[in-house]
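# Survey of secondary and tertiary structure
Listed below, chain by chain, are the residues.
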Amino acid sequence: MRTIITLAVLALGLSGFAQQRQMVRTDKNYQTNHYQQNYNGKYGNYSFSRLDLSNRQERMLVNLLKDKQNEERYIVRKYRKPEQKLRMLDREYDRKIQNLLSRSQYDKWSRIYAYQYNAYGNKRWS
């Protein structure tokens, strides 16, 4: 009798231990990717999170960069040696960006982001 009770308690204990727990997905990458998809849908591939821009500044900066890209494409198609024109384009839009941003924002822009949007330094025309 004692062995039967011992076996029953042991069987109940093992069956409760062997039950699988429900798996809960805790994927933090999903959250960041979801944010990136929403952000990219709104402003394209532009992300200036480290500049602390207002919504207006961010919209205007994205528009300036798109205009610069369009003018760059036009210059590359039109001129045989576009290097000088692209340097002038860089200076012109650099001035516009400098007028749009505050001094500290422009310093961060120069250190972190400017090289990505440089028309002359990227050698896209070759």
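Only a predicted model underlies this, so the values are computations on that prediction, with no experimental measurement involved.

## Digging into the nonpolar core
Counting 21 residues, the largest nonpolar core has Phe48, Leu61, Leu65, Ile97 and Trp109 as its most contacted members. Contributing elements (two or more residues each) for this core: helix 3 (55-78), helix 4 (83-100) and helix 5 (103-113).

## Regarding the layout of surface pockets
Counted as a void, the largest pocket has a volume near 150 Å³. Taken together, 11 residues make up the lining of the largest pocket; nearest its centre are Lys68, Asp90, Asp94, Ala114 and Asn118. No other element matches the four residues that helix 4 contributes to the lining of the largest pocket. The class makeup of the residues in the lining of the largest pocket is seven nonpolar, one polar and three charged.

## Points about the side chain of Gln105
Tracing the sequence through the fold places Gln105 in helix 5. A distance of 3.2 Å separates the side chain of Gln105 from the side chain of Gln57, its partner in a polar contact. One polar contact links the side chain of Gln105 to the main-chain amide nitrogen of Ser102, over a distance of 3.1 Å. Ignoring anything within four residues of it in the chain, the contact list for Gln105 reads Leu51, Asp52, Leu53 and Gln57.

Rules of the game
Residues numbered from 1 in each chain as written. Predicted model: local features only at pLDDT ≥ 70, side-chain atom pairs only at ≥ 80, totals over all residues. Heavy atoms only, no water. Core = buried A, V, L, I, M, F, W, Y, C linked by side-chain atoms within 4.5 Å. Buried < 20%, exposed > 50% of the residue type's maximum accessible area, 1.4 Å probe, protein only. Helix = DSSP H or I, 4+ residues; strand = E, 2+ residues; numbered from the N terminus. 1 Å grid on protein atoms, 1.4 Å probe; cavity = no way out; pocket = protein on both sides within 12 Å on 5 of 7 lines; lining within 4 Å. Points joined across faces, edges and corners; volume = space filled by probe spheres on them. Nonpolar A, V, L, I, M, F, W, Y, C, P; charged D, E, K, R; others polar. Polar contact = N/O pair within 3.5 Å; in protein donor to acceptor, adjacent residues only side chain to side chain. Contact = heavy atoms within 4.5 Å.

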